[in-house]
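The chain contents come next:
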Amino acid sequence: MHASDWSAPTAQRLTLARRLRDAGVASETVLSALIRIPRERFVDEALWSRAYEDTALPIGHGQTISQPFIVARMIESVLPPRGRFKRVLEVGTGCGYQAAVLSQLADEVYSIERIKPLYERARANLRPLRLANVRLAYGDGYAGLPAAAPFDAIVVAAAAPQIPEELKQQLTRGGKIIVPVGRDDQQLLLLERRVAGFIEKRLELVRFVPMLPGLVPA
Ligand code: SAH
């Protein structure tokens, strides 16, 4: 399939982008990536009519596709000043939507998922888009992907009790990681790696599914 078949921004996608801009997303680079991705392809047919609402939606296995506003906010908070990632890691592939958005902004995207059927679903969702720069892994995101590290950014799409140490160690100098931290009440924490350590910033309150250890094979 030719990219132009799916990546041309539709009226619904432009409306969503306008809403996200009004809600506080400042990066036009991120918004232009978001409007290239057909979000309806990442949810069941029964939810197609809701695909461009700014809400999380169920994707099975007790998981959700993230709210577009949060996807945009998280990506813009770690986007390098030049507006493009060299190598970015996503933890929590889910249906693959955010990985697809990241693919428009990165040379290489890696994404890990611990639930095998979701990993397979994401693979199937992404296949027709032919995004040659996305690599999916079935694994536990608490370990990161040491073989592909270092990353200039890491986006964690599930809530952890604290920022996992292994992931911090897989950042480049100047690299950034964003993680929803907490149990019921979660806050987005942004860390930037510097030569001498890390600088932390606190962003908005959010609600994510938990980041759990171990694998779910079926
Ligand atoms: N990124 C998705 C949202 C996925 S929801 C999107 O684009 O909409 C969060 C995902 O994180 C779930 O699929 C869940 O199974 C996964 N997850 C939770 N803990 C994990 C872990 N330790 N390693 C990898 N994935 C994990």
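Now for a quick tour of the structure. (Residues numbered from 1 in each chain as written. Predicted model: local features only at pLDDT ≥ 70, side-chain atom pairs only at ≥ 80, totals over all residues. Heavy atoms only, no water.)

## What about empty space enclosed by the protein?
The method is simple in principle: a probe with the dimensions of a water molecule rolls over the atoms, and the space it marks as empty is what remains.
Okay, so step 1: One pass over the full model with this rule turns up one cavity of 30 Å³ or more.
Okay, so step 2: Counted as a void, the largest cavity has a volume near 30 Å³.
Okay, so step 3: Around the largest cavity sit Arg-13, Leu-16, Leu-34, Ile-35, Ile-37, Arg-39, Tyr-52 and Tyr-97, which together line it.
Okay, so step 4: Tallied by class, residues from the lining of the largest cavity come to six nonpolar, no polar and two charged. (1 Å grid on protein atoms, 1.4 Å probe; cavity = no way out; pocket = protein on both sides within 12 Å on 5 of 7 lines; lining within 4 Å. Points joined across faces, edges and corners; volume = space filled by probe spheres on them. Nonpolar A, V, L, I, M, F, W, Y, C, P; charged D, E, K, R; others polar.)

## Topic: the sheet that holds strand S9 (residues 197-206)
Okay, so step 1: Taken in spatial order, the seven strands line up as S5-S4-S3-S6-S7-S8-S9 in an open sheet, and their pairing is mixed. The sheet is open, and its two edges are formed by strand S5 (134-138) and S9, each paired on a single side. On average, each strand axis in the sheet is tilted by 15 degrees relative to the strand beside it, whichever way the strands run.
Okay, so step 2: Relative to strand S4 (residues 106-113), strand S3 (residues 85-91) runs parallel, the two being bridged by six bridges. Across the sheet, the residue bridging to Glu-90 is Ser-111, located in S4.
Okay, so step 3: Sheet strands touched by helix H4 (residues 68-78): S3, strand S6 (151-156), strand S7 (171-182), strand S8 (186-194) and S9. Its angle to S7, the strand with the most contacts, is close to 150 degrees.
Okay, so step 4: Against the sheet, helix H6 (residues 116-126) contacts S4 and S5, and its axis sits at roughly 165 degrees relative to S5. (Pairing = 2+ DSSP bridges. Helix = DSSP H or I, 4+ residues; strand = E, 2+ residues; numbered from the N terminus. Axes fitted to C-alpha atoms, helices over the stretch in contact; angles between N-to-C directions. Contact = heavy atoms within 4.5 Å.)

## Section: the site of the ligand
Okay, so step 1: Looking at the ligand, there are 25 residues lining it, with Ser-66, Gln-98, Glu-113, Gly-141 and Leu-212 nearest.
Okay, so step 2: One nitrogen or oxygen atom from the side chain of Glu-90 is found 2.8 Å from a nitrogen atom belonging to the ligand.
Okay, so step 3: Within the contact set of the ligand, an oxygen atom lies 2.8 Å away from a backbone nitrogen or oxygen of Gln-98.
Okay, so step 4: Notes on the ligand: free accessible area 590 Å², of which the protein chains cover 99%.
Okay, so step 5: A molecule is said to occupy a pocket when more than half its atoms come within 2 Å of that pocket's grid points, and by this definition the ligand occupies the largest pocket.
Okay, so step 6: Of all the elements in the fold, those that place two or more residues in the shell around the ligand are strand S2 (63-65), helix H5 (97-103) and S4.
Okay, so step 7: The biggest single contributor to the shell around the ligand is S2, with three residues. (Near = heavy atom within 4 Å. Polar contact = N/O pair within 3.5 Å; in protein donor to acceptor, adjacent residues only side chain to side chain. Areas by Shrake-Rupley, 256 points an atom, 1.4 Å probe, with all protein chains shown as cover. Sits in = over half its atoms within 2 Å of the grid points.)

Nothing here speaks to function; it is all geometry.
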